[in-house]
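Here's the letter readout for the chains.
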Amino acid sequence: MGFLRKLLVASIVIGFVISCNTTETPEILPAPIALKVGEGFVNPIGYYEAEPRFSWQLGDSLGSGYQMAYQIQVSSTVASLSVNPDLWDSGKVFSTDNAWQRYQGNALDSRDIALWRVRIWDNNGNVSEWSKPQSIEMGLLATTDWRAHWIGHPQTALSAHPSQERLATPQYLRKTFNIDGEVQSARLYITAKGLFSAFANGVEIAPNDVMTPGWTPYDKRIESLTYDVTTSLVQGENALAATIAGGWYAGRIFKFTEKDHTLPARLLAQLEITYQDGRVQRVVSDDSWRASQQGPIRFASIYDGEHYDQSFEIEGWTTAAFVDENWVSATASPLDGDVKIVPKRHNPIRTTEHMTAKAIVSVEGDKVVFDFGQNMVGVPKLALPVLKGQEVQVRYAEALHKGEFYTDNYRSAKSENRIMPSESGLLEYQPRFTYHGYRYLEVTGFDTRYVPNISWATAQIQHSDVDIHASFTSSHPKLNQLSQNIVWGLRSNFFDIPLDCPQRDERLGWTGDAQVFVTPSMYMADVYGFWSAWLQSIREEQAENGKVPLYIPYVEWLNFASSGWGDAVTIIPWELYMLTGDKSVLEDNYDMMMSWVQYHHSQSEGFVSSMSTFGDWLQPYPVITKEGDNGNRGNTDFSLIGTAYFARSVELTMKTAQVLGRTQDEAQLYELHQKVKHAFATTFFDENLNLINAIPTQTTYLLGLAYDLFPPHQTPLAVDKLIGLLEQADMHLRTGFLGTPLLTQVLQDAGRSDIIYELLFQETYPSWFYSINNGATTTWERWNSYSLEDGFNSEGMNSLNHYAYGTVSRWFYEGILGIKPLSPGFKQVLIAPQIGARLTEAKGSYNTPQGKVGVEWKKQGNHLVIHIEIPPNTQGHVVIPDPSLQELTLNGVPVEPTRLNNLRTGGYEISAYLQN
């Protein structure tokens, strides 16, 4: 019998028992905690949502109780909040929900400041203290709120027929203005077509924010940021300044484009100063600003790096005292009404960590190679001894190829910095408008009178500023290294959008990579806002006929849709809903989901898909069936893949219709789903589930099992077919981007977690530990992208920083720890740890909307101890691993498995002995 078929399910339910005792004086409960708005914002400035969603958590002092009701109050002032809220008072709302409660008060407008608080009642009728007030300050919600113009250097205007060199050179912009009274507050609303860095009175406004405003479909939406600059202003003369570069908007985007720097970067800035006497002063970007291109950054490109010339440094140009008589008036143009300018809806890319080099690999003449010991993304902060007029070149590499510095896997991306010193001595430099994926850094051209030192280069690690809370650890060092590698892959590729890779001439938001990684990423980081923002970009890029581009934002290159890739539009919203419980992610994306299902249907013959697909991308050991085929798309039948994903998208859209109460849609989608399922089972397989006219692959059966496409009586046979293929491969996987994420789910559901452990702990290719054994510090694009002996794989596409195969981390949390949502948002949580012979212990947690769910288990000999932490306002169900457990105790008290029930909020210890 399979492992799970031996399991005894014990329902450990946090009981919701309402007390009938009305004679006791109600207890005053502690106030709710962890108040947030939207997708996790705390006291935001420049918020994007006119009708915010409110969330909170309950303290541990609630004990065995649960929330029975809540009350939210919202007001424009602290005084009115405690007396008579002037914006909204929800009244007492009977609900156990503590997250995603929508504001229903008077409309909030641009710049509005709202204060809010919440209290709750428990199931015994006790009321809590009010929470401490939290604030929300709106950004500029509508394009019509802007009085500013797009500005730039006049010689970059397209009417001036600028050269590509001029367009690739950053622009420097400045404006002086006068402050003549006591300032109450000052807000800078700012964005760019391209990238910007902003300064006030000689000081950079947000030095840790980089590559702002980020990457959206620029012809439809550009995001703005809001900064509190109250303390940056002084009485009298002030200066506001910015540097802008082309970035994703105006530079080349990938290796295949013929267009390189054909658009001018532009700045949009609006400083609003509110005085104590009520006056409001606006300083806006217009043709009164001064402009120059004679600054030290002479070239900037996402892929090709940055060129810096010290002789062009402009001392004091961001201060009011600077004389800009040699500068020119900026050119200004009005806003395009078709492009929305809206507040940024997730945190920008920031410098989050600094890392010194671990070693110096080699020194040859004026060339030195540093090893940081970790593949990562960002830029270095350099402090180099230099000689006047001797150029310094800085290059980047992910790994050494047989001991040599190697950049061929970056393809056409030069990924370099060129530095021209104007004087000898110590030169400090940090790239501003580019980023690099690297572990190794090579510096050529330093002053050889000095001995290289690891202090010369400090890595500035950069990624979208998300809270990373990955907590999984185990007793196995390689498994822990794999877990860390996956986290580093997340950090490296969550760069305002979910990149496929961060180093070569691609760096695009591929939908297929994203849809398999969304759930694992949520277990490791607070990335709900990140994914929600990217979904908005997909909605904006979807064609009228429902077609979804392969990567988002879309740039001209590959113009077709692919099954397994476009299905991100149904998979990602549903997965986010299950993990958060927030219906708004379904409401926002429902039309897109329906449109994609219709497109799927249009690309089918009957109910069998004929849509193009990248297949089970990079499946190992592909069978080459025709001349010219490089095997990258694997051997799983393309039509079978398309039909499986057609069924999956229909099913998830049907479930979404059910949640949203779209009963007519639900009925129609149910009928369609049944027809596609039938087509899958009867078109591709005979009555014995042998493939018809196709090569059987592991992914063939994984798709059918994961998406429940086989008739129930044939499911055991399909599992046997899958296991047979695994045995033929000597218990190694033969799966690519689409099949690999399904392995753990399918095998655990079949009661064969023992096989998952066997696959997970394989040491040879293809396996996860193969990369660990070959020095990996991130996850790779190919199972064999690199080896210590032979260096890089001779095939193309050898990124050493790709998160797609990091999807196995989902099983670290849902399998090894056993934490899974039984209902959306973990209001009901399953805890079913998979105890493996290869591990003696494992622990970790997940931050649900209600609080932390934690699991830790240890084996000492045949003694098993499981510690469980369940947050307030949650129902827990625990599966006890193995009915043959002996001497079972709960918190030290002997119990029968069937009597393990009514466990409440808190921590518990389950102890038992395994039979030998």
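Residues numbered from 1 in each chain as written. Predicted model: local features only at pLDDT ≥ 70, side-chain atom pairs only at ≥ 80, totals over all residues. Heavy atoms only, no water.

Trainee: It is not clear to me how the side chain of Glu575 should be interpreted in this structure. Could you clarify?
Mentor: By the secondary structure assignment, Glu575 is in helix α7 (residues 568-580). Within the structure, the side chain of Glu575 is placed 3.4 Å from the side chain of Arg810, a separation counted as a polar contact. In this view, Glu575 contacts Val518, Thr519, Arg648 and Arg810; residues no more than four positions away in its chain are not counted. (Helix = DSSP H or I, 4+ residues; strand = E, 2+ residues; numbered from the N terminus. Polar contact = N/O pair within 3.5 Å; in protein donor to acceptor, adjacent residues only side chain to side chain. Contact = heavy atoms within 4.5 Å.)

Trainee: I keep staring at the packing of helix α9 (residues 638-660) against helix α10 (residues 663-683) and nothing clicks. Help me out?
Mentor: Working note: a packed helix pair is described by the angle between its axes plus the distance between those axes. Where α9 contacts α10, the axes come no closer than 9 Å and their chain directions differ by 160 degrees. In terms of axis orientation, α9 runs roughly antiparallel to α10. Where α9 crosses over α10, the two elements pack in a sense that is left-handed. Two secondary-structure elements touch here, α9 through Leu640, Thr643, Ala644, Phe646, Ala647, Val650, Glu651, Thr653, Met654, Ala657 and Gln658 and α10 through Asp665, Glu666, Leu669, Tyr670, Leu672, His673, Val676 and Phe680. (Axes fitted to C-alpha atoms, helices over the stretch in contact; angles between N-to-C directions. Parallel < 35°, antiparallel > 145°, perpendicular 65-115°, else oblique. Left-handed = near helix turned anticlockwise from the far one by under 90°.)

Trainee: Help me out: how do you make sense of the pattern of salt bridges in this one?
Mentor: Between side chains of opposite charge, a pair can form as their charged atoms come close. One pass over the full model with this rule turns up 43 salt bridges. Among the ionic pairs, Glu49 bridges to Arg102, the shortest N-O distance being 2.9 Å. You can see Glu49 sitting in the loop between β4 (45-47) and β5 (53-57) and its partner Arg102 sitting in strand β9 (residues 101-102), a full 53 residues away along the chain. Overall, the relative accessible area of 10% leaves Glu49 in the buried class. Across the pair Arg504 and Glu781 runs a salt bridge whose closest N-O atoms are separated by 2.8 Å. (Salt bridge = Lys/Arg side-chain N within 4 Å of Asp/Glu carboxyl O. Buried < 20%, exposed > 50% of the residue type's maximum accessible area, 1.4 Å probe, protein only.)

Trainee: For this particular structure, what's the right way to read the sheet that holds strand β3 (residues 33-37)?
Mentor: Sheet strands line up and pair through hydrogen bonds in the backbone, either parallel or antiparallel. Here three strands make up an open sheet; going across it, the order is β3-β5-β9 and the pairing antiparallel. A single partner strand is all that each edge strand has here, and the edge strands are β3 and β9. Here three bridges tie β3 to β5, and the two strands are oriented antiparallel to one another. Within β5, the residue paired with Val37 across the bridge is Phe54. (Pairing = 2+ DSSP bridges.)

Trainee: Explanation requested: the side chain of Ser415 in the structure shown.
Mentor: Checked against the element boundaries, Ser415 lands in the loop between β33 (404-405) and β34 (416-420). Of note is the side chain of Ser415, whose polar atom sits 2.9 Å from the side chain of His436. Each residue touching Ser415, except ones within four places of it in the same chain, is listed here: Tyr303, Asp304, Val394, Arg395, Tyr396, Tyr410, His436 and Arg507.

Trainee: What am I meant to see in the packing of aromatic side chains here?
Mentor: The description of two aromatic rings rests on the distance between their centres and on the angle between their planes. Evaluated as defined, the whole model comprises 59 aromatic pairs. Within the aromatic cluster, the residues linked to one another by ring pairs are Trp510, Tyr551, Tyr554, Trp557, Phe560, Trp565, Phe614 and Trp617. Note that Arg117 overlies the ring of Trp130, its terminal NZ or CZ placed 4.0 Å from the centroid. Over the aromatic face of Tyr435 sits the side chain of Arg507, whose NZ or CZ is 4.8 Å from the ring centroid. (Phe/Tyr/Trp six-rings, centres within 6.5 Å; stacked < 30°, edge-to-face > 60°. Lys NZ or Arg CZ within 6 Å of the ring centre and 35° of its normal.)

Trainee: How do you make sense of the environment of Arg119 when you look at a structure like this?
Mentor: Structurally, Arg119 is set in strand β10 (residues 113-122). With 47 residues separating them in the primary sequence, Arg119 and Ile72 have C-alpha atoms 6.8 Å apart. When neighbours within four sequence positions are excluded, Arg119 is seen to be in contact with Pro32, Ala69, Tyr70, Gln71, Val127, Ser128, Glu129 and Trp130. At 2.9 Å, the side chain of Arg119 forms a polar contact with the side chain of Gln71.

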